[in-house]
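# Breakdown of the fold
Okay, here's what each chain looks like letter by letter:
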Amino acid sequence: MKRLLVFLPLLLLACAPKPEAKAPQTAGPVRVQVRTLKAEPGLLTREARASANVVAEKESLVAAGASGRVVRTLPAGTRVRAGEGVVFLDPAPFQEALAQARLALRQAEENLARAEAQTEGNRRALEAQLAAAEAQLAAARRRYEEGKALLALGALAPLELKGLEAQYLQAQSAYENAKEALARLEREDDLRLLRLQVEAARLQVQQAERNLKESVVRAPFAGEVVEVYVKEGEFAGAGSRAFRLATTDRLLVKVYLPPERAAALTEDTAFRVRQNGKEVEARLQAKSDLPGQNRLVEVTLRPTGPLLPGAAEVRYPEVLAEGLLLPAGAVRTEDGEAFVYVVEEGRARKRPVRLLAQEGGRAAVAGLEAGEAVVYPVPEGLEDGDLVEVVP
């Protein structure tokens with residue numbers, strides 16, 4: 001009985017149904033998991049920097065227009081209106097010169113008036129003399145012609161005809177003299193000289209008035225007196241600089257760039273001006289047409305915020321290339337040729353591209369279609385034709 005109990009479990013185990021054997025599985029091809037991005041068209045830019053100088057929109061070194069002793073000046077930093085005096089010269093010498101010039105003009109005008117009155121009287125007398133000489137000449141000519149007729153008839157002696165001829169020639173000479181005297185008076189040689197003297201005296205008055213006006217050196221435009229070059233008691237010569245005036249509330253930024261870089265700038269370029277740790281935006285105002293002697297083009301910017309005259313730095317985006325933009329790591333090189341991997345029908349395909357520019361981890365290429373799926377990042381060991389699986 002005990003032996004039966006021992007073999008019973010073994011019997012039951014042998015009679016139990018056996019599990020079905022699993023069919024062997026065939027391993028499929030290995031696919032490399034990759035991520036892709038689309039090649040999108042755009043501009044590849046970089047932040048360009050250039051030294052700049054902040055200057056006043058208008059600035060002028062104002063010179064003295066006359067010579068004189070300085071009696072008063074406005075201090076530097078004073079804001080003035082256009083035409084307001086800044087440097088004042090002693091006006092007394094200019095006032096005295098003006099008074100003398102006016103006196104000389106008055107004397108010249110009186111001399112001219114007296115000469116004109118005298119000339120008018122002389123003209124009437126000379127006209128009367130000319131009329132009398134003309135009448136005498138006509139009478140002498142008539143008598144001489146009658147004498148020649150009488151001589152032909154034997155009614156006049158030749159000696160008497162000679163007398164009549166002499167009277168005729170004398171009357172003719174008197175007429176010519178009277179005519180010349182009147183013509184000389186009409187030419188007004190003396191009056192012309194006196195009129196020139198009056199004109200010269202009038203110019204002297206104008207010059208004296210101008211010098212008196214120039215005794216105050218005025219601001220040519222509204223602005224701030226930046227610096228005064230003369231002091232009270234000093235002598236300022238005509239043409240010497242008196243003060244410097246600038247529109248410190250209206251500043252411009254001057255940048256000098258190579259012609260090719262300046263040509264790419266437009267009114268839409270976003271400029272930023274950094275000075276003393278602060279940054280303000282600026283817009284393009286003007287570009288010089290031709291480069292200067294230093295072969296650079298002057299670019300003028302107008303800032304939108306407050307700055308100080310002096311040095312600054314300008315930053316702006318500079319376009320390097322226009323093409324399809326990709327991460328720089330998506331572009332590989334082999335034997336000097338650039339290429340990328342694109343996914344086509346589940347495989348990685350090597351596609352040659354032309355590298356246009358690269359900056360800051362970005363690259364612009366040509367040779368792809370916009371929107372093509374480019375492998376990035378590129379797995380190590382990826383080869384042309386490898387099976388790939390695109391994962392999110």
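Residues numbered from 1 in each chain as written. Predicted model: local features only at pLDDT ≥ 70, side-chain atom pairs only at ≥ 80, totals over all residues. Heavy atoms only, no water.

## Details of the overall build of the protein
Short version of the rule: Secondary structure elements are defined from DSSP: runs of H or I of at least 4 residues count as helices, runs of E of at least 2 residues count as strands, and each element is numbered from the N terminus. Whether two residues touch is decided by their heavy atoms; if any such pair falls within 4.5 Å, the residues are in contact. Each accessible area is a Shrake-Rupley estimate made with a 1.4 Å probe; only the visible protein chains count as cover when residues are assessed.
From N to C terminus, the protein includes 5 helices and 23 strands. Restricting the contact set of the protein to residue pairs at least 6 apart, pairs at least 24 apart contribute 76%. If you sum the accessible surface of the protein, you get close to 25100 Å²; carbon and sulfur atoms cover 52% of it.

## A look at the sheet that holds strand β11 (residues 241-246)
Keep this limit in mind: A pair of strands is considered paired only if DSSP assigns at least 2 bridges between the two.
Spatial strand order, β4-β11-β9-β6: 4 strands in an open sheet with antiparallel pairing. Every interior strand has two partners, whereas the edge strands, β4 (59-63) and β6 (79-80), have only one.

## Side note on the packing of aromatic side chains
For the record, the criterion: Stacked, tilted and edge-to-face are the three classes assigned to paired rings of Phe, Tyr and Trp, where Trp is represented by its six-membered ring and a pair needs centres within 6.5 Å; plane angles under 30 degrees give stacked, over 60 edge-to-face, the rest tilted. Only protein chains enter the accessibility calculation, which uses a 1.4 Å probe; a residue is then buried when its area is under 20% of its type maximum, exposed when over 50%, and partly exposed in between. Geometrically, a charge over a ring is one whose NZ (Lys) or CZ (Arg) sits within 6 Å of the ring centre while staying within 35 degrees of the ring normal.
Counted under the stated rule, the structure contains 3 aromatic pairs. A ring pair is formed by Phe339 and Tyr341, whose centres lie 5.6 Å apart and whose planes are at 90 degrees; its orientation type is edge-to-face. Classification of Tyr341 by relative accessible area gives buried; the value is 5%. Lying over the aromatic face of Phe88, Arg72 brings its terminal NZ or CZ to 4.0 Å of the ring centre. Directly above the ring of Phe339 sits Lys350, whose terminal nitrogen or CZ lies 4.6 Å from the centroid.

## Things to note about the sheet that holds strand β10 (residues 235-236)
Spatial strand order, β8-β7-β5-β10: 4 strands in an open sheet with antiparallel pairing. The strands lining the two open edges of the sheet, one partner per strand, are β8 (216-218) and β10. Bridging between strand β7 (residues 85-89) and β8 involves 3 bridges; their strand directions are antiparallel. Within the sheet, the bridge partner assigned to Val87 lies in β8 and is Val217.

## Considering unusual backbone geometry
Pro377 follows Tyr376 through a cis peptide bond whose omega is -5 degrees. The topology assignment puts Pro377 in the loop between β22 (373-375) and β23 (388-390). Phi is positive for Asn276, which is not a glycine, with a value near 55 degrees. Tracing the backbone shows Asn276 in the loop between β13 (271-275) and β14 (278-287). Located in the positive-phi region is Asp335, a residue other than glycine, with phi close to 55 degrees. With respect to the helices and strands, Asp335 occurs in the loop between β17 (332-334) and β18 (337-344). Residue classification places Asp335 among the exposed positions, given a relative accessible area of 76%.

## What about the environment of Glu372?
For Glu372, the position within the fold is in the loop between β21 (362-366) and β22. Here the alpha-carbon distance between Glu372 and Ala39, two residues 333 residues apart in the chain, equals 5.7 Å. Discounting chain neighbours no more than four positions away, the residues touching Glu372 are Leu37, Lys38, Ala39, Val342 and Arg351.

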